[in-house]
Every structure is written in structure tokens, then in C-alpha cells.
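Examining the three-dimensional arrangement
Here is how the chains run, residue by residue.
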Amino acid sequence: MGGLLFTPRLPAEAVRAFREKLAPGKVLRLEEASLTLTPELAQLLQALLEALSRGEMVRIVPMEAELTTGQAAELLGVSRPYLVRLLEEGKIPYRKVGTHRRVRARDLLAYLEASRKRGRELLDELIGEAQELGLGY
């Protein structure tokens with residue numbers, strides 16, 4: 001896929017101690033090599049380490065990576081036929097390479113975010129209606 005997949009579970013206490021030290025402007029050193037953390041890099045490393053300490057699978061994919069329909073479906077957590085239907089309905093942009101469809105990671109993540117946003121809006125509407133009806137929510 002052009003990305004990296006991490007699944008190891010890291011010791012929570014060691015991760016917590018390390019995460020507390022990660023901050024913009026701090027310098028990471030490995031032997032003679034060093035790297036000053038930008039705010040974005042510090043935030044990324046903190047999020048990555050937190051997820052790994054919980055035993056979550058983490059996949060790092062460049063935003064411009066082109067994914068096969070199988071890879072895209074896996075990232076969305078849907079079946080490949082369902083993803084293909086989303087592509088054919090124009091809900092997610094794609095391009096064809098010969099007879100194969102390719103989806104940019106950026107477009108897939110934009111669809112996922114829009115879908116989550118719409119889900120939150122629908123939930124808010126349902127809660128509002130339940131409150132109007134006095135259902136105790």
C-alpha cells in the first residue's frame with residue numbers, strides 16, 4: 001500500500017513517560033543524529049504512541065498514496081463491493097489504471113471525515129427529536 005503498519009503493544013507506563021517529554025522545540029537524538037520537534041511532529045508522535053500503548057493497529061499512509069479498492073475498503077472497514085459502489089456513485093473520487101480503480105488516501109479520508117460529520121449531525125437531530133417528545137434523552 002505504500003504505508004507502514006504497526007501493531008505492537010507498547011508498555012503504557014514507558015509510553016506515558018516518553019509522551020510527557022514530547023513537546024515542540026524538544027530535540028530527539030539517536031546517536032549523532034538529532035531532530036527538533038515541530039508542533040505537528042510532536043502531536044503526531046504523541047498520538048501514534050498513545051494508540052500503540054492501547055494495542056491499536058496503526059497504519060501510516062502518505063496522503064497522496066494511491067490505494068487499490070481492496071486496500072481502500074480495508075481502511076474504511078467496509079467490503080470491497082460496497083466501496084466500489086461508493087466509487088461508482090461518485091461519493092469518493094477515483095481514477096482508472098487500465099481496468100483497475102485507484103483511490104487517493106486523501107480522498108478516502110475526506111469521505112470518512114464527511115461521513116463521520118454527517119453521522120454526528122444525524123445523532124444530534126435524533127437526540128433533539130427525542131427531547132422534544134420527552135423520551136428522556
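Going by the annotation in an unreviewed UniProt entry, the name recorded for the protein chain is Excisionase, with Thermus parvatiensis given as the source organism.

Looking now at the overall build of the protein chain. Scanning the protein chain for helices and strands turns up 5 helices and 7 strands. Helices and strands appear in the protein chain in the N-to-C order β-α-β-β-α-β-β-α-α-β-β-α. On C-alpha atoms alone, the protein chain measures out to a radius of gyration of 20 Å, which is more than a quarter above the 14 Å that the 2.2 N^0.38 rule sets for 137 residues. With the C-alpha coordinates aligned to their principal axes, the bounding extent of the protein chain is approximately 55 × 55 × 25 Å. Summarising the internal contacts of the protein chain: among those between residues at least 6 apart in sequence, 51% fall at separations of at least 24. Here the protein chain has roughly 9,800 Å² of accessible surface; of this, 57% comes from carbon and sulfur atoms. Charge separation in the protein chain, taken as the distance between the mean sites of 21 positive and 19 negative side-chain charges, equals 4 Å.

We now examine the domain arrangement of the protein chain. The assigned domain composition of the protein chain is domain 1 (4–60) and domain 2 (66–133). The gap between the C-alpha centroids of domain 1 and domain 2 is 29 Å.

Packing of helix 3 (residues 69–76) against helix 4 (residues 80–88) leaves a shortest axis separation of 9 Å and a crossing angle of 100°. The angle between helix 3 and helix 4 places the two elements in the roughly perpendicular class. Contacts between helix 3 and helix 4 involve Thr 69, Gly 70, Ala 72, Ala 73 and Leu 76 on the former and, on the latter, Arg 80, Leu 83, Val 84, Leu 86 and Leu 87. Residues belonging to the contact of helix 3 with helix 4 are distributed by class as follows: 7 nonpolar, 2 polar and 1 charged.

Moving on: the pattern of salt bridges. By the definition in use, this model includes 10 salt bridges. A salt bridge links Glu 66 to Arg 95, with the shortest nitrogen-to-oxygen separation between them at 2.5 Å. Of this pair, Glu 66 sits in strand 5 (residues 66–67) while Arg 95 is found in strand 6 (residues 95–97), placing the two residues 29 residues apart along the sequence. Overall, Glu 66 belongs to the partly exposed group, its relative accessible area being 34%. Judged by relative accessible area, Arg 95 falls into the partly exposed class, the value being 43%. Of the charged contacts, one joins Glu 89 and Lys 91 as a salt bridge, the two residues approaching to 3.2 Å between their closest N and O atoms. Overall, Lys 91 belongs to the partly exposed group, its relative accessible area being 48%. Taken together, the salt bridges that share partners define one network made up of Glu 64, Arg 104, Arg 106 and Asp 107.

Next up on the list: the side chain of Arg 101. By the secondary structure assignment, Arg 101 is in strand 7 (residues 100–104). Within the structure, Arg 101 has its side chain in polar contact with the side chain of Glu 88 (distance 2.8 Å). Leaving out residues up to four positions away in the same chain, Arg 101 has contacts with Leu 67, Thr 68, Thr 69, Val 84, Leu 87, Glu 88, Tyr 94, Arg 95 and Lys 96.

As a further point, take helix 3. An α-helical segment advances 3.6 residues per turn. Residues three or four places apart therefore align on the same side. Looking at helix 3, one finds that the buried residues are Thr 69, Gln 71, Ala 72, Ala 73 and Leu 76. Tucked inside the fold, the buried residues of helix 3 contact strand 5, helix 4, strand 7 and helix 5 (105–132). A positive phi of about 75° marks Gly 77, the residue just after helix 3.

What counts, and at which threshold
- Every chain's residues receive numbers from 1 upward, in the order its sequence appears when written.
- Per-residue local features are limited, in this predicted model, to residues with pLDDT of at least 70; the limit for side-chain atom pairs, both in listing and counting, is 80 or more; totals at the level of whole chains, interfaces and linings are taken over all residues.
- Excluded from the side-chain calculations are hydrogens and water; all other atoms, namely the structure's heavy atoms, are used.
- Secondary structure is summarised from DSSP: a helix means a run of H or I of at least four residues, a strand means a run of E of at least two, and numbering begins at the N terminus for each.
- Put simply, the radius of gyration uses C-alpha atoms, and a globule should come to 2.2 Å times the residue count raised to 0.38.
- Note on contacts: a residue pair is in contact if any heavy atoms of the two residues lie within 4.5 Å.
- The accessible surface values rely on the Shrake-Rupley method and a 1.4 Å probe; as for residues, cover is taken only from the protein chains in view.
- The convention is simple: Lys and Arg are positive, Asp and Glu are negative, and His and the chain ends are not counted.
- Lys charges are placed at NZ, Arg charges at CZ, Asp charges at CG and Glu charges at CD.
- For the purposes of this description, domain bounds are those given by an automatic or database domain assignment.
- Only the stretch in contact is used when fitting a helix axis, every axis being a line fitted to C-alpha atoms; angles between N-to-C directions are given from 0 to 180 degrees.
- Orientation labels follow simple angle bins: below 35 degrees gives roughly parallel, above 145 gives roughly antiparallel, 65 to 115 gives roughly perpendicular, and whatever is left gives oblique.
- Residue polarity is assigned by list, with Asp, Glu, Lys and Arg as charged and Ala, Val, Leu, Ile, Met, Phe, Trp, Tyr, Cys and Pro as nonpolar; anything else, Gly included, falls into the polar class.
- Should a side-chain nitrogen of Lys or Arg be within 4 Å of a carboxyl oxygen of Asp or Glu, the pair is scored as a salt bridge.
- Any residue under 20% of the maximum accessible area for its type is buried, any over 50% is exposed, and the rest in between are partly exposed; the area is computed with a 1.4 Å probe on protein chains only.
- Here a polar contact is recorded for every N or O atom pair within 3.5 Å, except that within protein the pair must consist of a potential hydrogen donor and a potential acceptor, and residues adjacent in sequence are included only if both atoms are side-chain atoms.

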